[in-house]
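Here are the chains, one letter per residue:
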Amino acid sequence: MPRYSTGEAPGGHSYLQKAAMNGSCKIENGGLKNGYVKNGVCPEDRILNGGLYKRPFHEAFEETPMLVAVLTYMGYGILTLFGYLRDFLRAWKIEKCHNATEREDQRDFVPLYQDFENFYTRNLYMRIRDNWNRPVCSVPGERVDIMERFTDDYNWTFKFTGRVIKGVINMGSYNYLGFAQNSGFCAEASAVVLQQYGGGVCSTRQEMGNLDKHEELEHLVAEFLGVDAAMTYGMGFATNSMNIPALAGKGCLILSDELNHASLVLGARLSGATIRIFKHNNMQSLEKLLRDAIVHGQPRTHRPWRKILILVEGIYSMEGSIVRLPEVIALKKKYKAYLYLDEAHSIGALGPNGRGVVDYFGLDPRDVDIMMGTFTKSFGGAGGYIGGSKVLIDYLRKHSHSTAYATSMSPPVAEQIITSMKCIMGADGTSLGRERVEQLAENTRYFRRRLTEMGFIIYGNSDSPVVPLMLYMPAKIGAFGREMLKRHIGVVVVGFPATPIIESRARFCVSAAHTKEMLDEALSKISEVGDLLQLKYSRHHFVPLLDRPFDETTYEETED
Amino acid sequence: MFFFERFGATIALIKMDVKHFKDYLSWLYYQYLLITCSYVLEPWEQSIFNTVLVTAIAMVIYSSYVFIPIHVRLAVEFFSGIFGGQHESTVAPMS
Ligand SMILES: Cc1ncc(COP(=O)(O)O)c(C=O)c1O
């Protein structure tokens, strides 16, 4: 729903017209709003959603300007042409091919390396590869040290210069609450546990790998989430991809958001259930799928589905959008489906108490059947959890591959999670955790507001600490990453296949550990690079005054 | 003395202008690199791209230089044949 095909962007119209023409695309909460609501003064919020939302829900996905879209496609066109030229040269052995190629004596076999599918990697990604996997050589806190490297064969190989770029402001790590630290109480507690238990466990939970630390952690997680029981795993990705197959199987239907994380997609595919995709965060689309599933049942036999599982995420890590949980829960109850909520990014980062989207919307955690999350982000640890009813957890303990076949979590990591979680809960007797949660919310609002004011196109919910800044053109992906690092700001740039081909973006993750000075420095550098690369695409500033609707609740310029 | 001062100031101004102009040009070139994605091309690819582009533009300009005047003249003659004929004949007897 929030994706605009470029054809839908009517240049030069007033916003009201645009919204009307984009139909449901721009409609938030059923009102004619674009996320640009003045101070949330919005009586429609309550009326139109039947009291589902307790707080204003502002999400903006400004449409791609037509000219930018055309230029982006043109850029990809040029790069593709040159890709063909280079492939031609490689095929004729005029140029050496650095990529994996088929062996000469296997020439007539079915290709092992799918040459054409690697076209993108070989000819487009390779040109700007220096922006990714830069080796970091310090704790990934609010500042990081990055090892300097250079290439003399256009990014096919890298060599280290031996120097370290020190004190780069880290706008890329998912360190939402700033618990990625090498000192402080979490690190000290982990060090003590390391001395007591060692680093590894060398067995699975079902065998000799069930430590008291794990039991303690699980009780704490259950208490934190407000559910009956919880189960923890050593890896977040495997929590999704191994537990969904335990919950769904043949004859089941999985309804999955189109932008779900790869781990959810993999889990759904491994389960063997039928998968249907609904448009991102689009409740009409979800309801239509649910209704069709109930009315028609399974294809051919028309038997009812054994169960229907809805897979959603709390914060979508590429869009910065927050799931419309109240509506999802209402739908789930109406159609008697199960809900699997992946809180990887939202746990700790959202809600007045840092307890994720459920807390953010003020809902009952028991309405979500399966609460999944990871410790890799806000807690500065590793691993994942599943929370829910006692029955569910007991079932998973027996049936999940992650419990039966995967080595359990390293004890110092468990301790890191326990201490950080206690800190967020205030169970350590300080208000430090609460302050961090509040600091994060404040930083998020500040950072988002400033970027929008500068005229960048920023996606997502105004409360989401994931802040995507749209770059669009392929050359600008590379240029942005390099120019920012030159100015000692570490950023993550994202392009195809993680995003749709024209919607390349830079993604900032705001942290509670960022001070106002750091954010200001980062913002001024972003603005500088934005001017250099002409990234300030947003046209929301140019609303002529007379064109602006007089109704208070519709469009306003972005102001707080 | 005054003259030289003025002169110096003018030179400085020109220099500044030249510098600004140069900056502007290099900025423009940078934008060109980014938009056409030449930014990520290797130097030899860049030169191919630029050559092709410059050739294409030069050809367009040249052909428009050569052909547009001819076409314009033909068009003028054609239209004056339609609309202008009568006008001329009415003018002639009066003189
Ligand atoms: C939504 C979501 N689920 C699961 C994961 C995987 O978690 P982990 O990195 O702990 O394996 C991620 C990680 O990025 C994620 O974003």
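Here the structure is a predicted model, which is why all the values come from computation and not from measurement.

Q: Honestly, the overall build of chain B in this entry has me stumped. Any pointers?
A: Counting secondary structure elements, chain B contains 2 helices and 0 strands. By residue count, 15% of the 95 residues in chain B fall in the buried class. A total of about 7,800 Å² of accessible surface is found on chain B, and carbon and sulfur atoms cover 76% of it.

Q: Looking at this model, I keep getting lost on the UniProt feature "domain: Aminotransferase class I/classII large" (unreviewed entry) in chain A. Mind explaining?
A: Taken from the UniProt record, the annotation "domain: Aminotransferase class I/classII large" (unreviewed entry) applies to residues 167–526 of chain A. Structurally, residues 167–526 of chain A is divided into 43% helix and 16% strand, and its ends, taken at the C-alpha atoms, are 17 Å apart.

Q: What is the right way to read the sheet that holds strand β8 (residues 338–342) of chain A from this model?
A: Paired through backbone hydrogen bonds, the strands of a sheet run either parallel or antiparallel to each other. Residue and element names in this part refer to chain A. Taken in spatial order, the 7 strands line up as β4-β10-β9-β8-β7-β5-β6 in an open sheet, and their pairing is mixed. Each edge of the open sheet is held by one strand with a lone partner, namely β4 (229–233) and β6 (274–278). Taken pair by pair, the neighbouring strands of this sheet meet at an average axis angle of 20°, ignoring direction. Direction of pairing for β4 relative to strand β10 (residues 384–388): antiparallel, over a ladder of 5 bridges. Paired with Met231 across the two strands is Ile386, which belongs to β10. Sheet contacts for helix α8 (residues 262–271): β5 (253–257), β6, β7 (308–313) and β8; angle to β7, the most-contacted strand, approximately 165°. Sheet contacts for helix α10 (residues 325–335): β7 and β8; angle to β8, the most-contacted strand, approximately 155°.

Q: Which parts of the structure should I look at to understand the environment of Phe237 of chain A?
A: All names here are of chain A. Position of Phe237 relative to the elements: it lies in helix α7 (residues 236–247). Here the alpha-carbon distance between Phe237 and Leu266, two residues 29 residues apart in the chain, equals 9.5 Å. Among residues more than four places away in sequence, those in contact with Phe237 are His261, Ala262, Ser263 and Leu266.

Q: I keep staring at the site of the ligand and nothing clicks. Help me out?
A: Residues and elements named next belong to chain A. In the region of the ligand, the neighbouring residues are Gly236, Phe237, Asn240, His261, Ser263, Glu313, Asp342, Ala344, His345, Thr374, Thr376 and Lys377. In this structure, Thr376 approaches the ligand through a side-chain N or O atom, which is 2.8 Å from an oxygen atom. Bound to the protein, the ligand loses 86% of the 390 Å² it would expose on its own. It is α7 that provides the largest number of residues to the shell around the ligand, a total of 3 residues. Within the shell around the ligand, the residues separate by chemical class into 2 nonpolar, 7 polar and 3 charged.

Q: What should I look at first to understand the pattern of salt bridges in this one?
A: As a working rule, side chains carrying opposite charge can pair if their charged atoms are close by. With the rule as written, the count across this model stands at 37 salt bridges over all chains. Put simply, Arg127 of chain A and Glu45 of chain B hold a salt bridge, and the shortest N to O gap is 2.9 Å. With Arg127 of chain A in the loop between α4 (119–123) and β2 (143–150) and Glu45 of chain B in helix α2 (residues 43–94), the pair connects residues from two separate chains. Both residues of the pair, Arg127 of chain A and Glu45 of chain B, count as buried. Across the pair Glu327 of chain A and Arg324 of chain A runs a salt bridge, and its minimum N-O distance is 3.1 Å. You'll find Glu327 of chain A and Arg324 of chain A in the same group, each marked buried. Here the residues in one salt-bridge network are Arg86, Glu95 and Arg127 of chain A together with Glu42 and Glu45 of chain B, joined through shared partners.

Q: Would you mind going over the sheet that holds β2 of chain A with me for this structure?
A: Residues and elements named next belong to chain A. With mixed pairing, 3 strands are arranged side by side in an open sheet as β2-β3-β13. In the strand order of this sheet, the two ends are held by β2 and β13 (489–490), each with one partner. Sheet analysis places strand β3 (residues 159–170) next to β13, joined by 2 bridges and oriented parallel. Following the sheet pairing, Asn170 is matched in β13 by Gly490.

Q: Even after reading the chapter, I still don't get the interface of chain A and chain B, so can you show me in this structure?
A: One frequent convention defines the size of an interface as the accessible area lost when the parts assemble. Contact residues are listed per partner, giving 24 residues for chain A and 16 residues for chain B. Carbon and sulfur atoms make up 70% of the surface buried where chain A meets chain B, a total of about 1,800 Å² over both sides. Among the residues of chain A in contact with chain B, Phe82, Tyr154 and Ala475 of chain A are the three that bury the most area, contributing 28% of the side total. Between Glu45 of chain B and Arg86 of chain A there is a salt bridge; the shortest N-O distance is 2.8 Å. At the surface where chain A touches chain B, the tally comes to 6 residue pairs in polar contact (both at pLDDT 80 or more). Of all elements in the fold, only α3 (66–91), α16 (474–486) and α17 (516–533) of chain A reach the threshold of two or more residues within the side of chain A that touches chain B. Among the elements that make up the side of chain A that touches chain B, the one with the highest residue count is α3 of chain A (9 residues). Residues that form the side of chain A that touches chain B fall into these classes: 15 nonpolar, 3 polar and 6 charged.

Q: How should I be thinking about the nonpolar core in this particular structure?
A: Soluble globular proteins tend to pack their nonpolar side chains together in the buried interior. All names here are of chain A. Judged by nonpolar contacts, the single largest core of 118 residues is most densely connected at Ile310, Phe447, Leu451, Phe480 and Phe508. Phe480 has contacts with Leu471, Val491, Val493, Ala506, Phe508, Val529, Leu533 and Leu535, leaving out every residue within four places of it along the chain. Core analysis: the second largest hydrophobic core is formed by 21 residues, Met231, Leu309, Tyr340 and Ile386 among them.

Q: I tried to follow the UniProt feature "transmembrane region" (unreviewed entry) in chain B on my own but got confused; where do I start?
A: Residue and element names in this part refer to chain B. Per the UniProt annotation, the sites labelled "transmembrane region" (unreviewed entry) are residues 24–41 and 47–68. With 72% helix and 0% strand, residues 24–41 has its two end C-alpha atoms placed 23 Å apart. Segment residues 47–68 splits into 100% helix and 0% strand. End C-alpha atoms: 30 Å apart.

Q: Can you help me understand the domain arrangement of chain B in this one?
A: All names here are of chain B. Once the domains are mapped, chain B shows domain 1 (1–40) and domain 2 (41–83). Listed as interface residues are 8 residues of domain 1 and, on the opposing side, 6 residues of domain 2. Here domain 1 meets domain 2 over a buried area of about 490 Å², counting both sides, of which 46% is carbon and sulfur. Per-residue buried area on domain 1 facing domain 2 is highest for Tyr32, Ser38 and Val40; these three make up 68% of the total on that side. At the junction of domain 1 and domain 2, the tally comes to 0 salt bridges. A per-class count over the side of domain 1 that touches domain 2 returns 6 nonpolar, 2 polar and no charged.

Q: Explanation requested: unusual backbone geometry in the structure shown.
A: Trans peptide bonds make up the majority, and among non-glycine residues the majority have a negative phi. Residue and element names in this part refer to chain A. The residue after Phe496, namely Pro497, is reached through a cis peptide bond having omega 5°. If you trace the backbone, Pro497 turns up in the loop between β14 (492–494) and β15 (505–509). A positive phi angle, close to 75°, is found at Asn155, a residue other than glycine. If you trace the backbone, Asn155 turns up in the loop between β2 and β3. Located in the positive-phi region is Asn281, a residue other than glycine, with phi close to 55°. Looking at where Asn281 falls in the secondary structure, it is placed in the loop between β6 and α9 (283–296). By relative accessible area, Asn281 is classed as buried at 2%.

Q: Honestly, α17 of chain A in this entry has me stumped. Any pointers?
A: In an α-helix, one full turn covers 3.6 residues, which means residues spaced three or four apart are oriented alike. Residue and element names in this part refer to chain A. Given a rise of 1.5 Å per residue, 18 residues ought to cover 26 Å, and the 25 Å separating the end C-alpha atoms of α17 matches this to within 8%. Within α17 the residues assigned to the buried category are Met518, Leu519, Ala522, Leu523, Lys525, Ile526, Ser527, Val529, Gly530 and Leu533. Downstream of α17 by one or two residues, Gln534 has phi in the positive range, about 55°.

Analysis parameters
- Residues numbered from 1 in each chain as written.
- Chains lettered and ligands numbered in written order.
- Predicted model: local features only at pLDDT ≥ 70, side-chain atom pairs only at ≥ 80, totals over all residues.
- Heavy atoms only, no water.
- Helix = DSSP H or I, 4+ residues; strand = E, 2+ residues; numbered from the N terminus.
- Buried < 20%, exposed > 50% of the residue type's maximum accessible area, 1.4 Å probe, protein only.
- Areas by Shrake-Rupley, 256 points an atom, 1.4 Å probe, with all protein chains shown as cover.
- UniProt positions renumbered as here; feature names shortened; annotations may be inferred.
- Pairing = 2+ DSSP bridges.
- Axes fitted to C-alpha atoms, helices over the stretch in contact; angles between N-to-C directions.
- Contact = heavy atoms within 4.5 Å.
- Near = heavy atom within 4 Å.
- Polar contact = N/O pair within 3.5 Å; in protein donor to acceptor, adjacent residues only side chain to side chain.
- Nonpolar A, V, L, I, M, F, W, Y, C, P; charged D, E, K, R; others polar.
- Salt bridge = Lys/Arg side-chain N within 4 Å of Asp/Glu carboxyl O.
- Buried area = accessible area lost by both parts, 1.4 Å probe.
- Core = buried A, V, L, I, M, F, W, Y, C linked by side-chain atoms within 4.5 Å.
- Domains from an automatic or database assignment.
- Expected span 1.5 Å × (residues − 1).

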